[in-house]
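Each chain, written out:
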Amino acid sequence: GATVGVLALQGAFDEHLQLLHQAATALTERGVSNTKWIFIEVRTPEELAKCDALILPGGESTAISLVAARSGLLEPLRHFVKVLRKPTWGTCAGLILLAEAANRTKKDGQDLIGGLDVRVIRNHFGRQTESFQQSLPLSFLGSTPEKASGTPFPCVFIRAPVVESILPHKKGIQTEEASKEDMVVAPSKAPVDELAKEELKAQVEVLAKIASRGRGRDNFNNTVIPREEDIIAVKQGNVFGTSFHPELTEDPRIHVWWLTDVLKAVERRKRYKSC
Ligand code: GLN
């Protein structure tokens, strides 16, 4: 079996759990695997330790990181993502937490988990009232039996971040540079086992973009950077991030796609351990 956790400190964790159940049923019905899935809410290091994979939901990244720090979960989360290199997916606030660097929108900043060599801009599209939904074809999903390939996915953006840039080197931005640019960075961690080291070699893949809505505000110096497209989905080895919230839709396609990836990772780890 495989245990998938959803970080349940704040935000849309319940919605993720529902779609995970739907996705697992779809995989079983389709005969993709007879894996026994267990889905759990994660609030403690003990619960995290049971997981083969993890979702960080949308919500408020500052609140999530604050509660995670208080619950003694921040270091275990970094260990899970960056040392064990287990499959982890962050949506919206979750994407922010998985970035190696993010702009500060408040003086005190926040703690990041890291894992994705990217820098994100928080609240890129503006305020809550500027939330929107846009149907986008997500080619990385390929074709699924339920819906033909290319059927647009209803992407929901709520005070969403975008990936501003892909970081050139593995360890994230240097601290000095970070303080100059008023950013927060995640502390670096080195993977221990050979399998995890393999994951670390993976480059950032850009999986989806959206036509820029012309509000690309650079929070570092408050200038508007003209850009044609904004990056809204990335994957780097075991870490996957989306700016939008698939958990706020009724479309399980991304959950199905991700669970298929989780299965492969779980099987790789099983083979690795048995030899
Ligand atoms: N703007 C939020 C943050 O900075 C993210 C919003 C969301 O997850 N819907 O954490």
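Residues numbered from 1 in each chain as written. Predicted model: local features only at pLDDT ≥ 70, side-chain atom pairs only at ≥ 80, totals over all residues.

**Re the overall build of the protein chain**
Using the following cut-off: Only runs of H or I of at least four residues qualify as helices and only runs of E of at least two qualify as strands under DSSP, and these elements are numbered from the N terminus. We call a residue exposed when 12 or fewer other C-beta atoms sit within 10 Å of its C-beta, buried when the count reaches 20 or more, and partly exposed for counts in between; the C-beta positions come from the backbone. Two residues qualify as being in contact provided that their C-beta atoms, derived from the backbone, are within 7 Å of each other.
Helices and strands together make up the secondary structure of the protein chain, namely eight helices and 15 strands. When burial is assessed residue by residue, the protein chain has 43% of its 275 residues classed as buried. Partitioning the contacts of the protein chain with sequence separation of at least 6, the portion at a separation of at least 24 is 75%.

**What to know about the site of the ligand**
Operational definition: A residue counts as near a molecule or strand when its C-beta atom, positioned from the backbone, falls within 6 Å of it. For this classification, Asp, Glu, Lys and Arg are treated as charged, while Ala, Val, Leu, Ile, Met, Phe, Trp, Tyr, Cys and Pro are nonpolar and the rest, including Gly, are polar.
Taken together, the neighbourhood of the ligand is formed by Gly58, Gly59, Glu60, Ser61, Cys92, Ala93, Ile96, Arg122, Asn123, Ile158 and Arg159. When grouped by side-chain class, the residues that make up the shell around the ligand number four nonpolar, four polar and three charged.

**Overview of the packing of helix 1 (residues 13–29) against helix 8 (residues 253–274)**
Threshold: Whenever a helix is involved, its axis is fitted only over the stretch in contact; in every case the axis is a line through C-alpha atoms, and angles between N-to-C directions fall within 0 to 180 degrees. To sort the angles, those under 35 degrees are grouped as roughly parallel, those over 145 as roughly antiparallel, those from 65 to 115 as roughly perpendicular, and the leftovers as oblique. In this scheme the handedness of a crossing depends on how the near helix is turned from the far one: anticlockwise by less than a right angle means left-handed, clockwise means right-handed.
Axis separation between helix 1 and helix 8 bottoms out at 8 Å; the angle between their running directions is 65 degrees. In terms of orientation, helix 1 and helix 8 fall into the roughly perpendicular class. The interaxial crossing formed by helix 1 with helix 8 has right-handed handedness. Judged by residue contacts, Leu19, Leu20, Ala23, Ala24, Ala26 and Leu27 of helix 1 engage His255, Val256 and Leu259 from helix 8. Each residue belonging to the contact of helix 1 with helix 8 can be placed in one class, and the counts come to eight nonpolar, one polar and no charged.

**Digging into the nonpolar core**
Convention followed: Here a nonpolar core is just a set of buried residues of the types Ala, Val, Leu, Ile, Met, Phe, Trp, Tyr and Cys, joined wherever their C-beta atoms sit within 7 Å.
Leu98, Ala99 and Val120 are the most contacted members of the largest nonpolar core, which totals 73 residues. Filtering out sequence-adjacent residues up to four positions away, Val120 remains in contact with Leu95, Ile96, Ala99, Ala102, Pro161, Val162, Val163 and Glu164.

**Description of the pairing of strand 3 (residues 53–56)**
Heads up, the rule is: Pairing between strands is defined by DSSP: at least two bridges between the two strands are required.
Side chains Ala53 and Ile55 project from strand 3 onto one buried face, and the interleaved Leu54 and Leu56 project onto a second face that is buried too. Sheet analysis places strand 1 (residues 2–7) next to strand 3, joined by three bridges and oriented parallel. Paired with Val6 across the strands is Ile55, a residue of strand 3. Two elements, strand 3 and strand 4 (residues 88–91), share three bridges in a ladder whose sense is parallel.

**Looking at the confidence of the model for the protein chain**
Put simply, the test is: The score called pLDDT rates the predictor's confidence residue by residue, from a low of 0 to a high of 100.
Here the protein chain averages 87 in pLDDT, and 85% of its residues register 70 or above. Among the prediction metrics, the complex's ipTM stands at 0.95, with pTM recorded as 0.91.

**Focus on helix 3 (residues 61–70)**
For clarity, the cut-off: What the arc measures is the spread of directions leading from the helix axis to the C-beta atoms.
All buried positions along helix 3 are accounted for by Ser61, Ile64, Ser65 and Ala68. Here the buried residues of helix 3 occupy an arc of 95 degrees about the axis, which is enough to place them on one side. Where helix 3 is buried, its residues touch helix 4 (74–83) and helix 5 (93–98). Immediately beyond the C-terminal end of helix 3, within one or two residues, lies Gly72, with a positive phi of roughly 65 degrees.

**Describing helix 1**
Defined as follows: Here a helix's expected span is defined as the number of its residues, less one, multiplied by 1.5 Å.
If you check helix 1, its first and last C-alpha atoms are 25 Å apart, about what 17 residues at 1.5 Å a residue would give, namely 24 Å. Listed as buried for helix 1 are Phe13, His16, Leu17, Leu19, Leu20, Ala23, Ala24 and Leu27. Those residues of helix 1 that are buried are in contact with strand 1, strand 2 (37–42), strand 3 and helix 8. Count one or two residues on from helix 1 and you reach Gly31, which has phi positive near 75 degrees.

**Focus on the pairing of strand 1**
Stated precisely, the cut-off is as follows: Look down the strands so they point away from you; if the path from the first strand over the helix to the second goes clockwise, the crossover is right-handed.
Most of strand 1 sits inside the fold, with five of its six residues counted as buried. Of the crossover connections in this fold, the one passing from strand 1 over helix 1 to the parallel strand 2 is right-handed.

**Side note on the environment of Ile166**
Mapped onto the elements of the fold, Ile166 is located in strand 9 (residues 162–166). The class of Ile166 is partly exposed, set by 16 C-beta atoms lying within 10 Å. For the pair Ile166 and Arg43, spaced 123 residues apart in sequence, the C-alpha separation works out to 30 Å. Leaving out residues up to four positions away in the same chain, Ile166 has contacts with Asp117, Val118 and Val204.

**Considering unusual backbone geometry**
Comment: phi is negative for the bulk of residues other than glycine, and the bulk of peptide bonds are trans. Positive phi, close to 50 degrees, is recorded for Asn123, a residue that is not glycine. With respect to the element layout, Asn123 can be found in the loop between strand 6 (116–121) and strand 7 (132–136). Within the chain, Arg159 stands out as a residue other than glycine whose phi angle is a positive 40 degrees.

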